[in-house]
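This is what each chain is made of:
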Amino acid sequence: MTKVIGVRFRTAGKIYYFGPKDIEFKRADHVIVETARGVEFGTVVLPNMEVEDDKITQPLKNVIRKATNDDIEKEKRNREKEKDAYKICLEKISKHGLEMKLINAEYTFDNNKVLFYFTADGRVDFRELVKDLASVFRTRIELRQVGVRDETKILGGMGICGRPLCCHTYLSDFAPVSIKMAKEQSLSLNPTKISGICGRLMCCLQNESLVYEELNRKLPRGGDIVSTPDGLKGEVRDTNVLKQIVKVIVEIDDEKELREYKVDEIKFKNRHKKDADENQKGGKKDKKNRNGKAKKSAVELEEERELEELERLERNDGKSKLDDD
């Protein structure tokens, strides 16, 4: 076990471990540390604690010192300088006619480097831009291309829930999400309703996915034939995942009636495990095609195409590119 503190360098950024030396730190204390980028100003989010050796990236660096009032003032001045650096870089990008969108400018604490984050559709030859910027700032320049999720993480905003974005407030890295999670939660598969303002699948789809997945395993599916506790057989019309209630159409005296049962009161053949096995073997086919039903409408086909594109983009985005490994 090794004594460490956890430090962040930006809101909802990755947490890095440093040795505390003989200093006792509290949460929200500011520290000066040496990183791969140079000397940096960080905030303690995990006070003095012990962690297992295999969770530490060696060599573990110690903090240089607890931040002084002068350090805090210097950090504030750096944040102001970043606004000017951003404007200058915008002008230089326009001058060189580059197809790139500048997102943010960032000074290291020791002013040894200025980082510019940008997005672009493809690769950008910014060598001349770097030379131009270096002549203005007279320090090391780094241009880092990031994705649209990183852009949203930096800029922040409000989600459709009315709350600040998860990625900007507490997610240190992007949550792995998929269309399957939306299906498990019986959400609309309209791409515009399950996408965040970044244009990718909403991170919050992952929040309750494991709970829904477990609850769905206990339920029959729509169209399944089940046996009810009152000796009837019927077809499942609908289910309530959270309440674990199944709505079944049963036939009584030649009349159909919709009744509700708790899932543990009915008997049915669980198809979830079978479908999972088929998915692993790659043998699952589209249900509509298998049953010979009508072809999908143009709207359904377009939504399906958009969902496939969302999944492809999701796979390609990968981890956040804001932090150094």
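Here the structure is shown first, and the text comes after it.
One structure accompanies this document, and this report is about it.

**Digging into the overall build of the protein chain**
Reasoning step 1: Looking only at helices and strands, the protein chain has nine helices and 12 strands in total.
Reasoning step 2: Looking at the 325 residues of the protein chain, the share that counts as buried comes to 37%.
Reasoning step 3: Sequence-distant contacts in the protein chain: of pairs separated by 6 or more residues, those separated by 24 or more amount to 60%.

**Description of the packing of helix H1 (residues 69-96) against helix H2 (residues 127-137)**
Working note: a packed helix pair is described by the angle between its axes plus the distance between those axes.
Reasoning step 1: Taken N-terminus to C-terminus, the directions of H1 and H2 make an angle of 140°; their axes are 10 Å apart at the nearest point. Considering their axes alone, H1 and H2 lie oblique with respect to each other. At the point where H1 passes H2, the crossing takes the right-handed sense. Listed contacts from H2 to Ala85, Ile88, Cys89, Lys92, Ile93, Lys95 and His96 of H1 are Glu128, Leu129, Asp132, Leu133, Val136 and Phe137.
Reasoning step 2: Its residues assigned to classes, the contact of H1 with H2 shows eight nonpolar, one polar and four charged.

**Things to note about the environment of Val51**
Reasoning step 1: Relative to the helices and strands, Val51 resides in strand E4 (residues 38-51).
Reasoning step 2: You can call Val51 buried: its relative accessible area is 9%.
Reasoning step 3: As a C-alpha pair, Val51 and Tyr17 span 34 residues in sequence and 9.6 Å in three-dimensional space.
Reasoning step 4: Setting aside residues up to four positions removed in sequence, Val51 forms contacts with Met1, Thr2, Val4, Tyr17 and Ile56.

**Overview of the pattern of salt bridges**
Reasoning step 1: Within the structure shown, the criterion is met by 21 salt bridges.
Reasoning step 2: Of the charged contacts in the structure, one is a salt bridge between Lys83 and Glu80, with a shortest N-O distance of 3.5 Å. Here Lys83 pairs with Glu80, and both are found in helix H1, just three residues apart, close to one helical turn.
Reasoning step 3: Judged by relative accessible area, which is 46%, Glu80 ranks as partly exposed.
Reasoning step 4: Of the charged contacts, one joins Glu142 and Arg144 as a salt bridge, the two residues approaching to 2.8 Å between their closest N and O atoms.

**Quick word on the sheet that holds strand E7 (residues 113-119)**
Reasoning step 1: One open sheet accounts for three strands, arranged E6-E7-E8; its pairing is mixed. One side of each edge strand has no neighbouring strand; the edge strands of this open sheet are strand E6 (101-107) and strand E8 (140-145). When the angles between neighbouring strand axes are averaged without regard to direction, this sheet yields 20°.
Reasoning step 2: This element, H1, spans E6 and E7 of the sheet and lies at about 145° to E6.
Reasoning step 3: Strands in contact with helix H3 (residues 148-155) are E6 and E7; relative to E6, the strand with the most contacts, it is inclined by about 55°.

**Section: H2**
Reasoning step 1: Those residues of H2 that sit buried are Leu129, Asp132, Leu133 and Phe137. Taken end-on, H2 shows its buried residues confined to a sector of 120°, consistent with a single buried face. The outward face of H2, more than 90 degrees from its buried face, is lined by the exposed residues Arg127 and Lys131.
Reasoning step 2: Phi for Arg138, located one or two positions after H2, is positive at around 50°.

**Digging into the side chain of Asp71**
Reasoning step 1: With respect to the helices and strands, the residue Asp71 is situated in helix H1.
Reasoning step 2: For Asp71, a relative accessible area of 7% puts it in the buried group.
Reasoning step 3: Leaving out residues up to four positions away in the same chain, Asp71 has contacts with Ile32, Phe41, Arg65, Lys66 and Phe109.

**Section: the sheet that holds strand E9 (residues 225-227)**
Reasoning step 1: Spatial strand order, E9-E10-E11-E12: four strands in an open sheet with antiparallel pairing. At either margin of the open sheet sits one strand with a lone partner, and together these are E9 and strand E12 (255-262). Here the average twist between neighbouring strands, direction ignored, is 45°.
Reasoning step 2: Bridge count for E9 against strand E10 (residues 233-240) is three bridges, and the pairing is antiparallel. Considered in E10, the bridge of Ser227 is made with Lys233.

**Side note on H1**
Reasoning step 1: In a regular helix each residue adds 1.5 Å, so 28 residues correspond to 40 Å; H1 covers 41 Å between its end C-alpha atoms and thus fits that length.
Reasoning step 2: Among all positions in H1, only Asp71, Glu75, Asn78, Glu82, Ala85, Cys89, Lys92 and Ile93 are buried.
Reasoning step 3: Buried residues along H1 sit against strand E3 (30-35), E4, strand E5 (65-66), E6, E7 and H2.
Reasoning step 4: Within two residues after H1, Gly97 carries a phi angle of roughly 65°, on the positive side.

What counts as what
- Residues numbered from 1 in each chain as written.
- Predicted model: local features only at pLDDT ≥ 70, side-chain atom pairs only at ≥ 80, totals over all residues.
- Heavy atoms only, no water.
- Helix = DSSP H or I, 4+ residues; strand = E, 2+ residues; numbered from the N terminus.
- Buried < 20%, exposed > 50% of the residue type's maximum accessible area, 1.4 Å probe, protein only.
- Contact = heavy atoms within 4.5 Å.
- Axes fitted to C-alpha atoms, helices over the stretch in contact; angles between N-to-C directions.
- Parallel < 35°, antiparallel > 145°, perpendicular 65-115°, else oblique.
- Left-handed = near helix turned anticlockwise from the far one by under 90°.
- Nonpolar A, V, L, I, M, F, W, Y, C, P; charged D, E, K, R; others polar.
- Salt bridge = Lys/Arg side-chain N within 4 Å of Asp/Glu carboxyl O.
- Pairing = 2+ DSSP bridges.
- Arc of directions from axis to C-beta.
- Expected span 1.5 Å × (residues − 1).

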